[in-house]
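# Structure assessment
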Amino acid sequence: MKKRVVITGLGIVAPNGVGISAFSDAIKKGISGIEFLPELRDLNFSCQLGAAPKISEEKKREYLTDLQLRNFNSSGILYGVIAGMDALKDAGIKPALPEEEALWDLGIIFGTGISGVDKFREAIHKIDDGNVRRLGSTSVVQTMTSGVSAYLGGLIGAGNMVTANSSACATGTEALLMGYEHIAAGKAKYMLCGSTSDSGPYIWGGFDAMKVTTYKYNDAPNEVAGPMSADASGFVPGSGAGAFVLESLESAQERGATIYAEILGGAINNGGQRNGGSMTAPNSSAIQKCIKDALKVSNTAASEIDYINGHLTATIKDPDEIENWTHALGRKGKDFPYINSLKGMTGHCLSTSGSVEIVSAILQLHEGFVFPNVNCENLHPKIASLISSEKISLKMQKTSLQTIVKASFGFGDVNACVIFKKI
C-alpha cells in the first residue's frame with residue numbers, strides 16, 4: 001500500500017526574497033526582484049535586465065566554512081545549499097554530526113540545468129593558459145550536475161539516494177515527483193527535493209540569442225509586462241533555488257511536524273517533439289495529457305481545483321497554455337480556477353523555476369491567499385476570451401484554498417504536473 005506523502009519543510013532563495021518570511025511578504029505585496037544589470041549592457045545583451053538573489057558574505061558563512069568557500073565559484077550550488085538547509089531546518093530535522101552514522105532514511109533529489117558555469121569558465125581559461133595544475137581540488141564537484149546534491153548530502157549526512165535530475169524548466173517539479181514516489185514506495189522516510197540555477201550572463205546569454213527575452217524595458221525594470229499581458233514581449237532571466245522536505249504522513253504526525261500540504265500525485269511526460277512540439281516549443285496534446293493524467297492518478301476531479309500555479313513565461317505561448325488548461329480541466333470563463341505566475345516578480349528562473357514556484361504555491365495553499373499577477377493590467381485578448389479576468393488577480397486576495405495544481409513545461413518538450421491538497 002502506497003504511503004501518503006506530505007511537505008513539512010520549505011526553503012527559498014529567490015530574486016525577491018531569501019528565506020520564507022521575506023519571500024512570502026514579497027509575493028503578497030507584488031515586490032519584484034527584476035533589475036537593470038550594467039554588466040549585461042556592457043556585454044551587448046538585448047535584454048539588460050536580470051533577477052538574482054542577494055547573498056551577503058556573512059550569509060554564505062552561515063552555511064559554508066571558509067575552507068569550503070576557498071576557490072568557490074558556483075552561485076547555483078550556493079543557492080541550493082541555502083534553500084536545502086533552510087528546508088531541513090524548517091522541517092525540524094537535524095543533520096547527522098560528522099562522527100555519527102549517515103541518515104539512512106533521508107535522501108536527496110536536487111536538480112539543476114548547468115552547474116557552476118562560472119567555475120567552468122574559470123577552469124577553461126586556466127587550462128588554455130597551460131595552468132591545469134592550478135585548477136584546485138574542487139573544480140570537478142562544483143561543475144558536475146550532481147554538485148548541489150553532493151554538497152547537501154555531505155552537509156546533512158544523507159544516507160539514502162542522493163542524486164540530481166535535469167529537465168530544463170520542469171526540473172524542480174520533476175524532482176518533487178521523484179521524491180514523492182520514493183517515499184510512497186517506502187524506500188525512504190524523508191526526501192529533500194528541489195532545484196537550483198546559476199545566475200549571470202553565461203547562463204542567460206543563450207536565451208538572449210534566441211530572442212525569447214524582452215528588450216523593451218531596459219530603462220524601466222519595474223514596468224516589465226508580466227505573464228498573460230497583451231504587452232508581454234519575452235521573459236527576464238532569473239535564478240535562485242527552492243527546496244522542500246517530503247515525508248510520509250505517518251512520520252509527520254508522529255513527529256508533530258508542520259504539514260504544509262499533502263502531495264496527491266502527479267504526472268511527467270514528453271511531447272516527443274511531434275505535433276507542434278519541438279526542442280523549444282510545447283506539444284499542446286502532451287500538456288493536456290500530463291494535466292489529465294495528474295488528475296487521474298491523484299483521484300482528483302477537475303472541478304476540485306481551486307488554483308493553478310502556471311508555467312506562464314510572458315511569451316507568445318501564454319495564450320496557448322491557458323487554452324490547454326481550459327481543455328484539460330473542461331473549465332472556462334468564471335468557472336476557471338484562480339491562476340497566477342511568479343515570473344512577473346522573479347523573472348524566469350529556468351531550471352529552478354519549478355521549485356521556487358512550488359514554494360510560492362504551497363505558501364498560498366497553507367496561508368490562504370493568492371498573490372497578484374504583476375503588470376498584467378492589459379490582459380491578452382485571447383486569454384480574456386477564454387477565462388474571466390477576475391480569475392487573474394491583480395491584487396493579493398485572501399481566500400481559502402483546498403486543492404491546487406502546479407505544472408512546468410520545459411525545453412525538450414518535457415512536462416510535469418503535480419496536485420497538492422490542504423490537510
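Going by the structure above, here's the rest.
Residues numbered from 1 in each chain as written. Predicted model: local features only at pLDDT ≥ 70, side-chain atom pairs only at ≥ 80, totals over all residues. Heavy atoms only, no water.

## Things to note about helix α12 (residues 284-297)
We apply this condition: In DSSP terms, a helix is any run of H or I states spanning at least four residues, a strand is any run of E spanning at least two, and both are numbered starting from the N terminus. One fewer than the residue count of a helix, multiplied by 1.5 Å, yields its expected span. When accessible area is computed with a 1.4 Å probe and restricted to protein chains, residues below 20% of their type maximum are described as buried, those above 50% as exposed, and intermediate ones as partly exposed. Any pair of nitrogen or oxygen atoms within 3.5 Å is treated as a polar contact; in protein, a donor-acceptor pairing is required on top of that, and neighbouring residues in sequence qualify only through side-chain atoms on both sides.
The end-to-end C-alpha distance of α12, which contains 14 residues, comes to 20 Å, matching closely the 20 Å that a straight helix rising 1.5 Å per residue would cover. Of the positions making up α12, those classed as buried are Ala286, Ile287, Gln288, Cys290, Ile291, Ala294 and Leu295. Its side-chain oxygen at 2.9 Å from the backbone nitrogen of Ser285, Asn283 defines the N-terminal cap of α12. Two residues or fewer after α12 comes Asn299, characterised by a positive phi angle close to 55°.

## Points about the packing of helix α5 (residues 75-90) against helix α8 (residues 147-156)
Note the following rule: Orientation is described by axes fitted as lines to C-alpha atoms, over the contacting stretch for helices, and by angles from 0 to 180 degrees between their N-to-C directions. When describing relative orientation, an angle under 35 degrees is termed roughly parallel and one over 145 degrees roughly antiparallel, while 65 to 115 degrees is termed roughly perpendicular and anything else oblique. For any helix crossing, the convention is left-handed if the near helix is rotated counterclockwise from the far helix by under a right angle, and right-handed if that rotation is clockwise. Residues are treated as being in contact if the distance between any of their heavy atoms lies within 4.5 Å. Put simply, Ala, Val, Leu, Ile, Met, Phe, Trp, Tyr, Cys and Pro go in the nonpolar bin, Asp, Glu, Lys and Arg in the charged bin, and everything else, Gly too, in the polar bin.
Taken N-terminus to C-terminus, the directions of α5 and α8 make an angle of 40°; their axes are 9 Å apart at the nearest point. One way to sum up the angle between α5 and α8 is to call them oblique. Relative to α8, the crossing made by α5 is right-handed. Of the residues in α8, those touching α5 at Ile77, Gly80, Val81, Gly84, Met85 and Leu88 are Gly147, Val148, Tyr151, Leu152, Leu155 and Ile156. Residue composition of the contact of α5 with α8, by class: 9 nonpolar, 3 polar and no charged.

## Digging into the pairing of strand β7 (residues 190-197)
Quick note on the threshold: The criterion for strand pairing is that DSSP finds at least two bridges linking the strands in question.
Judged by how many residues are buried, β7 sits mostly within the fold: 8 of 8 residues are covered. Both faces of β7 are covered, namely the face carrying Tyr190, Leu192, Gly194 and Thr196 and the face carrying Met191, Cys193, Ser195 and Ser197. Of the strand pairs in this sheet, strand β5 (residues 106-112) and β7 are connected by 7 bridges, and their pairing is parallel. In the strand pairing of β7, Ile109 is matched with Cys193. Where β7 meets strand β8 (residues 240-248), 8 bridges bridge the pair, whose relative direction is antiparallel. Paired with Tyr190 across the two strands is Glu247, which belongs to β8.

## Some words on the packing of helix α1 (residues 20-29) against helix α15 (residues 353-367)
Contact geometry of α1 with α15 gives a least axis separation of 11 Å together with a crossing angle of 80°. Judged by the angle between their axes, α1 and α15 are roughly perpendicular. Residues Ile20, Phe23, Ser24, Ile27 and Lys28 of α1 form the contact with α15, whose own contacting residues are Val356, Val359, Ser360, Leu363 and Glu367. For the contact of α1 with α15, the per-class residue count stands at 6 nonpolar, 2 polar and 2 charged.

## Brief notes about unusual backbone geometry
Phi at Asn44 is positive, roughly 65°, even though this residue is not glycine. Within the secondary structure, Asn44 is located in the loop between α2 (38-42) and β4 (49-50). Of the residues examined, Asn44 reaches a relative accessible area of 69% and is grouped as exposed.

## Concerning the nonpolar core
As a reminder of what qualifies: Each nonpolar core is a collection of buried residues, namely Ala, Val, Leu, Ile, Met, Phe, Trp, Tyr and Cys, held together in the definition by side-chain atoms within 4.5 Å.
Ile7, Leu176, Phe244, Leu246, Ile263 and Phe420 are the most contacted members of the largest nonpolar core, which totals 45 residues. Ranked by residue count, the leading element in this core is α15, at 7 residues. When neighbours within four sequence positions are excluded, Phe420 is seen to be in contact with Ile7, Leu176, Ala261, Glu262, Ile263, Ile358, Ile362, Leu365, Gln402, Thr403, Ile404 and Lys406. Counting 31 residues, the second-largest nonpolar core is a separate cluster that includes Val81, Ile108, Ala158 and Val245.

Spatial relationships are all this shows, so hold off on functional conclusions.
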